[in-house]
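Below, each chain spelled out in residue letters.
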Amino acid sequence: MTNSRPWIPYLLILPSVAFLALLFVVPLVQTIWLAVSDNGVLSLDNAERMVTDINFTRSVKNTFLLTIAVVPVQIAIALAMGTMVAKVGRGRETILWIWTIPLGISDLAAGLVWLSILQNTGYLNSLLFGLGIIGRQASWLSYQTPVALFIAIAVAEIWRGTAIVMVIIVAGLNQVPKEFKEAAEIFGAGPWTRFWRITLPLIRPALQSALILRTVLAFEVFAVVYALGGRNFPVLVGEAYNWQNQNQNYSVAAAYAVLIMIISLAATLIYLKALKVDPERLP
């Protein structure tokens, strides 16, 4: 029937194509044009204003440092959590449910939760003061304590975003045949050897997906940073927000958005190149 009506497959995918074109392609083209034009004429003035912005260098540095600090830790924690869950029999669903609770919390809500813990009158200071460890309230989120502020944001982001990485890792671990592990045990392979030589190569597709997703989201981090640090810790998305809402300059904000897109695409291509997935080696 398909041979006699070759247009049927195209008709079936038409709603998806129209949806993507309407809600993705059109806004993307408009954003790019807004970033590279000035009064309807091609211009690099917006990019120049972005680069010469006082917070541009700091926002790029902070975004990359946060990504470098957060993503590897999240992958390591997710691998450990996924491996633990794989060894659990009864109660596995309950453990997964508890660990994925942060997925149900919005970015801003997560930032506000950590703000209530780390602010001057927060739970952490109250606990340390009650135990006699500190004599007065300590400032963790001030511009005068940049290291503490960075660590606080990194911890909050790790807590908020590790769950999605763990879900992807667990899905990958479930695809590893038990026969491979049993054969390795018979031949005397230890736990670390089994993990390094068998599990890790077979979950490479899941690792690739997790790294790409989490890195892209790390470059787009905003709400947690804004709740904890505000303007004291500028990031790329935060600067785009400020240019659009405070400065009312949509062109420079679009330039920031295009820059974030380029960085995300570059990171994706690097992961696709570095973590090549060989279909013949998949289970």
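Residues numbered from 1 in each chain as written. Predicted model: local features only at pLDDT ≥ 70, side-chain atom pairs only at ≥ 80, totals over all residues. Heavy atoms only, no water.

## Things to note about the UniProt feature "transmembrane region" (unreviewed entry) in the chain
Line of reasoning, step 1. UniProt marks residues 12-36, 64-84, 96-117, 147-173, 211-229 and 249-272 with the feature "transmembrane region" (unreviewed entry), using the numbering shown here.
Line of reasoning, step 2. Helix makes up 68% of residues 96-117 and strand makes up 0%, while its end C-alpha atoms are separated by 25 Å.
Line of reasoning, step 3. Secondary structure across residues 249-272 divides into 96% helix and 0% strand, with the first and last C-alpha atoms of the span separated by 35 Å. (UniProt positions renumbered as here; feature names shortened; annotations may be inferred. Helix = DSSP H or I, 4+ residues; strand = E, 2+ residues; numbered from the N terminus.)

## Considering helix 1 (residues 8-35)
Line of reasoning, step 1. An ideal rise of 1.5 Å per residue puts 40 Å on 28 residues; helix 1 measures up with 39 Å between its terminal C-alpha atoms.
Line of reasoning, step 2. Taken as a whole, helix 1 carries its principal kink of about 40° at Ala-21. (Expected span 1.5 Å × (residues − 1). Bend = angle between axes of the 7 residues up to and from the residue.)

## Quick word on the domain arrangement of the chain
Line of reasoning, step 1. Here the domain parsing of the chain yields domain 1 (1-43) and domain 2 (58-281).
Line of reasoning, step 2. Taking only C-alpha atoms into account, the centre of domain 1 sits 32 Å from that of domain 2.
Line of reasoning, step 3. The interface is formed by five residues belonging to domain 1 together with seven residues belonging to domain 2.
Line of reasoning, step 4. Taken over both partners, the interface formed by domain 1 and domain 2 buries close to 450 Å², and the fraction arising from carbon and sulfur atoms is 84%. (Domains from an automatic or database assignment. Contact = heavy atoms within 4.5 Å. Buried area = accessible area lost by both parts, 1.4 Å probe.)

## Considerations on the environment of Leu-200
Line of reasoning, step 1. Note that Leu-200 resides in helix 9 (residues 191-202).
Line of reasoning, step 2. Along the sequence, Leu-200 and Ala-47 sit 153 residues apart, while their C-alpha atoms lie 42 Å from each other.
Line of reasoning, step 3. Setting aside chain neighbours within four positions, we find Leu-200 in contact with Leu-79, Phe-195 and Leu-207.

## Examining the packing of aromatic side chains
Line of reasoning, step 1. Enumeration over the complete set of coordinates arrives at seven aromatic pairs.
Line of reasoning, step 2. Arranged with centres 5.3 Å apart and planes meeting at 65°, the rings of Phe-64 and Phe-219 form a pair that is edge-to-face. Of this pair, Phe-64 sits in helix 3 (residues 56-86) while Phe-219 sits in helix 10 (residues 204-219); the two residues are 155 residues apart in sequence, bridging distant segments of the chain.
Line of reasoning, step 3. Measuring from centroid to centroid gives 5.3 Å for Phe-222 and Tyr-226, while their planes differ by 40°, and the two rings are tilted.
Line of reasoning, step 4. Judged by relative accessible area, Phe-222 falls into the partly exposed class, the value being 22%.
Line of reasoning, step 5. On the basis of relative accessible area, Tyr-226 is assigned to the partly exposed category, the value being 37%.
Line of reasoning, step 6. Here the aromatic cluster, defined as three or more aromatic residues joined through ring pairs, consists of Phe-222, Tyr-226 and Tyr-241. (Phe/Tyr/Trp six-rings, centres within 6.5 Å; stacked < 30°, edge-to-face > 60°. Buried < 20%, exposed > 50% of the residue type's maximum accessible area, 1.4 Å probe, protein only.)

## Points about unusual backbone geometry
Line of reasoning, step 1. Phi at Gln-248 takes a positive value of approximately 55°, unusual for a residue other than glycine.
Line of reasoning, step 2. Here Gln-248 lies in the loop between helix 12 (236-245) and helix 13 (250-274).
Line of reasoning, step 3. According to the relative accessible area criterion, Gln-248 is partly exposed, its value standing at 48%.

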